[in-house]
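# Survey of secondary and tertiary structure
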Amino acid sequence: MPSRTSPTSEEAERTAVSGWRPYHRIRLALALFFLAPLIGEYLLGNQPLTALPFVLLLAPMYGGGAVLIREATRRAGRGWPTMIVLASAYALVEEGPIDQMLWNPHYGGYDMAGAYAGTYVPFLGTSLGMIQDVLAIHTVWSICVPIVLVETFARDSYQAGGPRPWLGGRIGLPLVALAFLADSVFLSYEQQHSEHFMASPARLIGCGAVILALVAVAFRLPARPTPHAGRTVPRPRTVGAVAFAAASFHWARGGLLPSGVPDWYDSALWLLVAAAFLALTLRWTRSPAWTPAHRLALATAAVLTYIWVGFTQSPALDTPLPTALTGSTLFSLAALLLLHRAHRALTRSASRDRTSFHAHQAVPRVP
């Protein structure tokens, strides 16, 4: 009988192949914890380089939310459909009860009411355009993109069993949940204190009900898309190009329609393009040829979109233009380096899997 303190050769091999070691899992969780706000705020250009220490305050909410969504999904044995719906619930949590940007007409000192007046829905107390922007920004860039990038470095993601949880349920996960809750309450209080705004109880209750409904739906979705043998998928570069066009459209669509066209046309066009892209992606993911390289191509396209958007957003900050552009340049270079390392990690994982497969095939069967 093998000793409890000495792993068997099978366990040692599994550890070597998958990298399933405690410190490796913690490193991945920490990477996601800090990457989420760095992409969601700094690469976008919403925070200047001089506010980089502020990431320590944003990480428990952004990163804590991303880690909780990722861990809950993987522990439930589910996949990206669940992750995406949970990310949309997070988007409403952040801009609803926490920041209350959905309803604050002067959020951050900007005329939000005037900017989104064209699609305002009195029953909701906010605008359709605002909801579309919130869902797109936080679902895609704040949550899903960081998860894809960090999971690329988790070697077990490409094993037959799929990605596994990174944190234990007794210490790690409760600590992240506590940090997320405490930071969310603190940031909510700070927003109310600085903005002098508080949404009505009806707005908050309604938003909370939608959030709970999204969470319930998330865990009723199929674990993974059912593959269809007859479907094909383009090369990862083609998938990335389509995703880059769709993501860029989200940010550039304001200048595509002629002046004077009602904002409802803009929202309708957004819905049409978003629905078409989601339908196309769903079709692709149901192909047996869909690989982690395709998924990384989607994340790469999203990051590249934020790089050019960051250079247009950062000059609007209340900082000197050289500081704003320097920050965008440094964050963009860091993002490009991360993408390069992610693609290298994916290539190594694919090579390791092929080597393991051929080694397994070479083992003679015992009659």
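Higher on the page you've got the structure.
Residues numbered from 1 in each chain as written. Predicted model: local features only at pLDDT ≥ 70, side-chain atom pairs only at ≥ 80, totals over all residues. Heavy atoms only, no water.

### Let's talk about the pattern of salt bridges
Any two side chains of opposite charge can pair, so long as their charged atoms come close to each other. A full pass over the atoms with the stated rule returns five salt bridges. Its salt-bridge partner being arginine 253, residue aspartate 133 comes within 3.2 Å of it at the nearest N-O pair. On the criterion of sequence distance, the pair formed by aspartate 133 in helix α6 (residues 128-152) and arginine 253 in the loop between α9 (236-252) and α10 (263-285) is long-range, its members being 120 residues apart. The pair aspartate 133 / arginine 253 is uniform in exposure class, with both members buried. Across the salt bridge formed by arginine 253 and aspartate 266, the nearest N and O atoms sit 3.1 Å from each other. (Salt bridge = Lys/Arg side-chain N within 4 Å of Asp/Glu carboxyl O. Helix = DSSP H or I, 4+ residues; strand = E, 2+ residues; numbered from the N terminus. Buried < 20%, exposed > 50% of the residue type's maximum accessible area, 1.4 Å probe, protein only.)

### Quick look at the side chain of serine 184
Position of serine 184 among the secondary structure elements: in helix α7 (residues 172-195). Overall, the relative accessible area of 7% leaves serine 184 in the buried class. At 2.7 Å, the side chain of serine 184 and the backbone oxygen of phenylalanine 180 are in polar contact. Setting aside residues up to four positions removed in sequence, serine 184 forms contacts with Met61 and Ile98. (Polar contact = N/O pair within 3.5 Å; in protein donor to acceptor, adjacent residues only side chain to side chain. Contact = heavy atoms within 4.5 Å.)

### Considering the nonpolar core
Residues Leu43, Val145, Leu149, Trp166 and Val303 are the most contacted members of the largest nonpolar core, which totals 70 residues. Put simply, the parts of the chain that give this core at least two residues each are α2 (22-43), α3 (55-75), α4 (80-98), α6, α7, α8 (201-218), α11 (292-313) and α12 (321-362). In contact with valine 303, other than residues within four places in its own chain, are Leu43, Trp141, Val145, Leu149, Ala335 and Leu339. (Core = buried A, V, L, I, M, F, W, Y, C linked by side-chain atoms within 4.5 Å.)

### Details of α9
In this model, α9 (17 residues) spans 24 Å end to end at C-alpha, consistent with the 24 Å of a helix rising 1.5 Å per residue. Among the residues making up α9, those that are buried are Val239, Gly240, Ala243, Ala246, Ala247, Ser248, Phe249 and His250. (Expected span 1.5 Å × (residues − 1).)

### A few points about the packing of α6 against α10
Following both chains from N to C, one finds α6 and α10 inclined at 35°, their axes separated by 10 Å at the closest point. Crossing of α6 against α10: the hand is left-handed. Together, Leu128, Gly129, Gln132 and Ala136 of α6 and Trp264, Ser267, Trp270 and Leu271 of α10 make up the contact between the two elements. Along the lines of polarity and charge, the residues of the contact of α6 with α10 split into five nonpolar, three polar and no charged. (Axes fitted to C-alpha atoms, helices over the stretch in contact; angles between N-to-C directions. Left-handed = near helix turned anticlockwise from the far one by under 90°. Nonpolar A, V, L, I, M, F, W, Y, C, P; charged D, E, K, R; others polar.)

### Comments concerning unusual backbone geometry
Look at glutamine 100: it is not a glycine, yet its phi comes out positive at around 60°. Within the fold, glutamine 100 resides in the loop between α4 and α5 (112-115).

### As for the packing of aromatic side chains
A complete count under the given rule lists seven aromatic pairs for this structure. Look at phenylalanine 33 and phenylalanine 34: their rings are 5.2 Å apart centre to centre, the planes differ by 80°, and that puts the pair in the edge-to-face class. The buried category is assigned to phenylalanine 33, whose relative accessible area is 15%. Owing to a relative accessible area of 30%, phenylalanine 34 belongs among the partly exposed residues under this scheme. Counting every residue linked through ring pairs, the aromatic cluster contains Tyr62, Tyr90 and Phe180. (Phe/Tyr/Trp six-rings, centres within 6.5 Å; stacked < 30°, edge-to-face > 60°.)

### Concerning the environment of alanine 199
Its place among the elements puts alanine 199 in the loop between α7 and α8. Judged by its relative accessible area of 6%, alanine 199 falls in the buried class. In the structure, alanine 199 is positioned 103 residues away from glycine 96 in sequence and 9.0 Å away in space, judged by C-alpha atoms. When neighbours within four sequence positions are excluded, alanine 199 is seen to be in contact with Gln100, Trp103 and Leu204.

### Observations regarding the packing of α3 against α7
It is the contact of α3 with α7, at a shortest axis distance of 8 Å, that shows an interaxial angle of 140°. Compared by their axis directions, α3 and α7 come out oblique. The interaxial crossing formed by α3 with α7 has left-handed handedness. Contact residues: α3 offers Leu57, Leu58, Pro60, Met61, Gly64, Gly65, Val67, Leu68, Glu71 and Arg75, while α7 offers Leu173, Val176, Ala177, Ala179, Phe180, Asp183, Ser184, Phe186 and Leu187. Classifying every residue of the contact of α3 with α7 gives 13 nonpolar, three polar and three charged. (Parallel < 35°, antiparallel > 145°, perpendicular 65-115°, else oblique.)

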